[in-house]
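Below, each chain spelled out in residue letters.
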Amino acid sequence: MDSGTSSGLLVCPPVEPQRAGNGGVFFESTLMQGKGRIPPQFVWPQSERAQTLDELVAPVVDLGGFLRGNEDATRRAVEFVTAACRAHGFFLVTNHGVDDDLVRDALGCMGAFFGMPHDQKLRARRQPGTVWGYTGAHADRFASKLPWKETLSFGYRYSGAGTEHAVVAYFTSVLGKDFEQMGLVYQRYCEAMKEISLGIMELLGVSLGIGRGHYREFFEDSNSIMRCNYYPPCPEPELTLGTGPHCDPAALTILHQDDVGGLEVFTDGRWHCVSPVPGTLVVNIGDTFMALSNGRYQSCLHRAVVNRHIERRSLAFFLCPREDKAVRPPADLVLPGGGDIRKYPDFTWLQLLEFTQRNYRADMRTLQSFTEWLHDHDPHHTHDHHN
Ligand SMILES: C=C1C[C@]23C[C@H]1CC[C@H]2[C@]1(C)CCC[C@@](C)(C(=O)O)[C@H]1[C@@H]3C(=O)O
Ligand SMILES: O=C(O)CCC(=O)C(=O)O
Ligand SMILES: [Fe+2]
């Protein structure tokens, strides 16, 4: 392997020559330290870069009473969720029951992982075509508009006895026995996120008038993705982005951002910043839920900016359906006779995930582009997707 270049990019043998956007160039944050300029691959077009913004006063949904089964509190939580999802599909939750120590440990493990030497991190390197593993700036996939971040992603599925420790097994298999404790932290973190996600699915079901059970049951056997985002300080933050503008392809995202700030959300025709609120988690609707609600709830456009002075960490849990399940709205949301025709064709999460890993870089138009792609590529889909 070549050593670092003066630009801070590290040149490695390409993992997937036919797809490696940069001919095998990898990014590693520590190599950038002390550099005055960012490499051109990280410069985003002027129109997509951050500007000065207003703060979003995000709705805060108190989950405490709902989780204890209190009816009044549940009604209030449903009202807040409904208003937020009609407006932009983005809200904060408080009293969510996740132990502060667990969140602290999950952030701490990120420090331990991303602080390791580059060759150690590469032991978890993302395999071509998959979403799991470590990547630096996605430089193995894309040639331009690289995000100023390193990420580590892994799957979370609980499907009965024998699979309780799948996250631990991932960490020990790719990084070795010494990473068992780190795996256990993320295993517990994912379990907590899944529990909250299912609760929110109940609230969304009530909010859409189809009852508590429908979406909860749909996601009981979910196959979710956990992603740790590490954003190093950047010498020219105004030229780049940590995560580009996008709607999450999954059903629901639960995000913990540390106390640095950098998350931005597009509402009312402009970008707003969302400052970290201690003790809260950020929730947003994703494309898959937009399809499951027949377009009633919008997936929310967002991005993350970086800064010159301090590293930032975020933990994103993406709730995803079991890979082979048909994503289809309940019949009550496709009313016969009304103007309420099916907005999206049936698809599976596996199809959408593969689309984002092989054909299309997830952005603000993913669901639209995916739907068009399905029509062109899947012979079972017709242009008529009425119920
Ligand atoms: C299905 C996925 C694609 C991405 C990872 C998961 C969920 C979120 C997607 C992503 C974060 C949206 C922005 C662009 C992206 C490339 C990124 O910056 O990380 C996306 C993910 C990806 O394809 O790795
Ligand atoms: O880091 C953030 O605040 C946002 C990250 C994000 O949007 C994502 O990982 O999908
Ligand atoms: Fe996102």
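Now for a look at the structure at hand. (Residues numbered from 1 in each chain as written. Chains lettered and ligands numbered in written order. Predicted model: local features only at pLDDT ≥ 70, side-chain atom pairs only at ≥ 80, totals over all residues.)

On to the site of ligand 2, then. Inspection of the region around ligand 2 gives Arg 227, Asn 229, Thr 243, Asp 248, Leu 255, Gln 257, Gly 262, Leu 263, His 302, Ala 304, Ser 314 and Ala 316 as its neighbouring residues. Here the shell around ligand 2 is composed, by residue class, of four nonpolar, six polar and two charged. (Near = placed C-beta within 6 Å. Nonpolar A, V, L, I, M, F, W, Y, C, P; charged D, E, K, R; others polar.)

Taken together, 15 residues form the shell around ligand 1, and within it Thr 243, His 246, Pro 249, Thr 356 and Ala 362 come nearest. Put simply, the parts of the chain that give the shell around ligand 1 at least two residues each are strand 9 (243-246) and helix 9 (349-359). Within the shell around ligand 1, the residues separate by chemical class into eight nonpolar, five polar and two charged. (Helix = DSSP H or I, 4+ residues; strand = E, 2+ residues; numbered from the N terminus.)

This next bit is on helix 9. What helix 9 keeps buried is the set Trp 349, Leu 352, Leu 353 and Phe 355. Burial along helix 9 is one-sided: seen end-on, the buried residues are contained in an arc of 155 degrees. More than 90 degrees from the buried face of helix 9, the exposed residues found are Arg 358 and Asn 359. (Buried ≥ 20, exposed ≤ 12 C-beta atoms within 10 Å, placed from the backbone. Arc of directions from axis to C-beta.)

With that out of the way, let us pick up the sheet that holds strand 15 (residues 312-319). Strands belonging to one sheet form pairs held by backbone hydrogen bonds; the direction of such a pair is parallel or antiparallel. The mixed open sheet is built from eight strands, whose spatial order is 4-5-13-10-15-8-7-6. Strands with a single pairing partner mark the edges of an open sheet, and in this sheet they are strand 4 (60-62) and strand 6 (133-136). Sheet twist, expressed as the average angle between the axes of neighbouring strands with direction ignored, equals 25 degrees. Here strand 7 (residues 150-157) runs beside strand 8 (residues 223-231); their pairing, made up of eight bridges, is antiparallel. Bridge pairing in strand 8 places Gly 155 opposite Ile 225. Running over the sheet, helix 6 (residues 180-207) touches strand 7, strand 8, strand 10 (252-257), strand 13 (281-285) and strand 15 and is turned about 130 degrees from strand 10. (Pairing = 2+ DSSP bridges. Axes fitted to C-alpha atoms, helices over the stretch in contact; angles between N-to-C directions. Contact = placed C-beta atoms within 7 Å.)

Another point: the environment of Leu 241. Following the sequence through the fold, Leu 241 ends up in the loop between strand 8 and strand 9. With 21 residues separating them in the primary sequence, Leu 241 and Gly 262 have C-alpha atoms 9.7 Å apart. Excluding residues that lie within four positions of it along the chain, Leu 241 makes contacts with Trp 44, Pro 147, Trp 148, Arg 303, Ala 304 and Val 305.

Of note in the backbone geometry, Asn 95 takes a positive phi value of approximately 50 degrees without being a glycine. Structurally, the position occupied by Asn 95 is in the loop between strand 5 (90-94) and helix 3 (100-114). At His 138, a position not held by glycine, the phi torsion is positive, near 50 degrees. As for its position among the elements, His 138 is in the loop between strand 6 and strand 7.

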